[in-house]
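Given next are the chains, with one letter for each unit.
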Amino acid sequence: MTSTPAFFVSFDSLKILFTNLIELFGLGESLGWSAGLLAGISISFLIINVMVMSTAFYTWFERRMIGRFQVRRGPNRNGPFGILQPFADVLKLIMKEDTIPDAADKPVFTLAPIALLAPTLMIMIVIPFGTYASDQAFLSNLNIGILFIVGVTSVNSIAIFMAGWGSRNKYAILGSMRGAAMLISYEIPMALGITSVLLLSGSLAMTEIVRSQSVWFILVMPMGFFVFMAASTAEMSRTPFDQIEAESELGSGYNTEYSGIKFAVLFLAEFMAPIVTAAVVTTLFLGGSQGFDFLPGGIWFAIKMFVLIFLLLWVRSTWPRLRIDQIMGFAWKTLFGLGLFNIFLVAVEFMVAVKLGHTSDGSLTTGYMLTMAGVNWIVTIIAFIILANFVGKKKYHRPEPTPSPLANMGAGGD
Amino acid sequence: MYGLGLFKGLGITMKNLVSPSRQFNIVQYPNRRASPFDLAKVEDQNPILFIVGHPIKTFRSLLGLETLEDRMPQHANFRGEEFAWYDQRCTGCASCAKYCPLGIIEIVTGTSGVNQQEGQSYDIEVFDIDIGRCMFCGLCVEACPYDALHMGSGFEEGKYRRSDLIINMDQLKAAEKKPSTWFRPQLTNRGHDPIKGSTADWDEVGRHEKPTLEDQGERWAKR
């Protein structure tokens, strides 16, 4: 597991490379400190470019697949199967005029796309891709990795509110008000879903979370997986939770006034979110880079990410948008309760394991985790059935519609 | 049991994704994928000779990269955008303008022209149709007593400005006359089909035969 493929570029190997280079030029004493900086900049450059390119191809993939799901054709004009469509889009957006409304709050308006994009990219720092040395992250093995992710993603709501507020447009401000309410509400179920993972892993570090998954946590706690997936779908404001954009109601939501390269950056951040979310969920629930030996860990990570992205796509292409009160109700009445119940369940099972002695140096044994999986799946299915009946029976009360006096004006009477 | 509809919907979309019979029930406009046989038909060659002679084109078309401009079959009764208007037949009675439910036909007649003296028709100064607001009901065509106005056969009048969508009299006069056979059985009987490109002149579109000079005398002059 610890064998390092020769082709892989890591922070440490780059640092050694730059140190050697600096010593080669005889500058070791004056510029020795800059080796780490140069290595960090190189890795960041690599990550940003890889993320931007993968997002570009992801937009093509998403539009194409949603087209297939909805019995239409996606983009198919530029290049074979339309694969050059993202480049055409970006070229178009760059050539367009970058307008700023007169009444806009210009610094806020300008900073909002960057404030939306930067946190999304920063998450990638702590994801352990497992491309070398089993499960190390690219840039930094933070020992508070998951806390870092929660903290950084909460900047999203500010960025969206900045975009709406700065553009001085009623649709934009409506969309971002909704967005702020929704994103803040959904951070609580998301944190609850993460907490149940932390209960079992016993560490905030992403690498430790991966290492503790001798049984994948999606099997151990499906309810936590559901809560986290639903909450993170809302966090990145995709259908069925896309109240922020809500094309049929708000024009285009918070990005109504944006054009040109600023809109391209907003678009990029928006479409990068599923990739990043898939990476986080893979780490937390799908065992990260774990897999069978015939493929390296990085490939397994990519396969799991792809499956999750496909799942998100499938849901997006199928389900309609919820109303704003339904969305808030879903967060506070359903996901909040499920998250708390999940934590309670996992905690009780953990305490039982400690009492019965099913632990080995602080973590649960594989056999006990499999037992937990069996119990938790049954409990989850029962809980979902009860909840669906409970929520479904509360139908929205609607008064009987009264016919308009203008309807059939010429038909009745004489 | 509530909530099952969500999964039913997911099943339907997945079926859309994987089932080929659901996938290709749409015809792409204006191009469609061309098979090697289609390409051979375009080049007017034997398919086998074409495949042997153009291996690269054949390979590309099997990959789905070769496209062919194609149209869906369209009926001759199609109510299209460019109206066919014959100024020789029009008397300026403005029946079409009166019958138009949207009021988008504007007709202004004057008394300055030569036609006025003969008592046959008004002199038409303005004849505008705002097809940006037209709903192509064809009531104006039904209303025309002299068969002067006909629906067109096209549907590709995309313009950059709304003002460009107003067709004025000069454009109507200069346009190629491809009248639709909508509400014109006399055109259908003659085998007129604008989709295949047949045009009709002003003296061919009437619902009656053109009266001879004697007939005219019988009817009007000697009465």
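Residues numbered from 1 in each chain as written. Chains lettered and ligands numbered in written order. Predicted model: local features only at pLDDT ≥ 70, side-chain atom pairs only at ≥ 80, totals over all residues.

## Re the confidence of the model for chain A
Point 1. Model confidence for chain A is summarised by a mean pLDDT of 83, while 91% of its residues fall at 70 or above.
Point 2. The least confident element of chain A is helix α12 (residues 247-250) of chain A, whose mean pLDDT is 73; the most confident is helix α11 (residues 222-235) of chain A, at 90. (pLDDT = per-residue confidence, 0-100. Helix = DSSP H or I, 4+ residues; strand = E, 2+ residues; numbered from the N terminus.)

## Here's the deal with the pairing of strand β3 (residues 80-85) of chain B
Residue and element names in this part refer to chain B.
Point 1. Burial of β3 is extensive: five of the six residues sit out of reach of the surface.
Point 2. Across three bridges, the pairing between β3 and strand β6 (residues 149-152) is antiparallel. Residue A84 lies in a different strand from β6, and its bridge partner there is H150. (Buried ≥ 20, exposed ≤ 12 C-beta atoms within 10 Å, placed from the backbone. Pairing = 2+ DSSP bridges.)

## Points about the nonpolar core
Point 1. If you look at the biggest cluster of nonpolar residues, it comprises 84 residues, and the most contacted ones within it are V227, F228, V281 and L284 of chain A.
Point 2. No other element matches helix α13 (residues 260-285) of chain A, which puts 15 residues into this core.
Point 3. Beyond its immediate chain neighbours, meaning those up to four positions away, L284 of chain A contacts I194, V197, I209, F217 and F228 of chain A.
Point 4. Counting residues in each nonpolar core, the second largest holds 22 residues, with W85, C100, V141 and I167 of chain B among its members. (Core = buried A, V, L, I, M, F, W, Y, C linked by C-beta atoms within 7 Å. Contact = placed C-beta atoms within 7 Å.)

## Regarding the environment of I218 of chain A
All names here are of chain A.
Point 1. With respect to the helices and strands, the residue I218 is situated in helix α10 (residues 217-220).
Point 2. Taking the C-alpha atoms as reference points, I218 and T282, separated by 64 residues in sequence, lie 9.6 Å from one another.
Point 3. When residues no more than four places from it in sequence are discounted, the contact partners of I218 are F225, F285 and L286.

## Some details on the interface of chain B and chain A
Point 1. The interface is formed by 15 residues belonging to chain B together with 15 residues belonging to chain A.
Point 2. When residues of the side of chain B that touches chain A are traced back to their parent elements, those giving at least two are α1 (4-18) and α2 (20-23) of chain B.
Point 3. Tallying contributions element by element places α1 of chain B first for the side of chain B that touches chain A, with seven residues.
Point 4. Here the side of chain B that touches chain A is built from residues that sort into eight nonpolar, six polar and one charged. (Nonpolar A, V, L, I, M, F, W, Y, C, P; charged D, E, K, R; others polar.)

## Brief notes about the sheet that holds strand β7 (residues 166-167) of chain B
All names here are of chain B.
Point 1. Spatially, the three strands line up as an open sheet ordered β4-β5-β7, and their pairing is antiparallel. The strands lining the two open edges of the sheet, one partner per strand, are β4 (105-110) and β7.
Point 2. Here strand β5 (residues 123-130) pairs with β7 via two bridges, running antiparallel. Counterpart to D130 in the pairing with β7 is I166.

## Remarks on the environment of E176 of chain B
Residues and elements named next belong to chain B.
Point 1. Mapped onto the fold, E176 is located in the loop between α9 (169-174) and α10 (185-189).
Point 2. Judged by the 11 C-beta atoms lying within 10 Å of it, E176 falls in the exposed class.
Point 3. Considered as a pair, E176 and A200 are 24 residues apart in the sequence and their alpha carbons are 9.2 Å apart.

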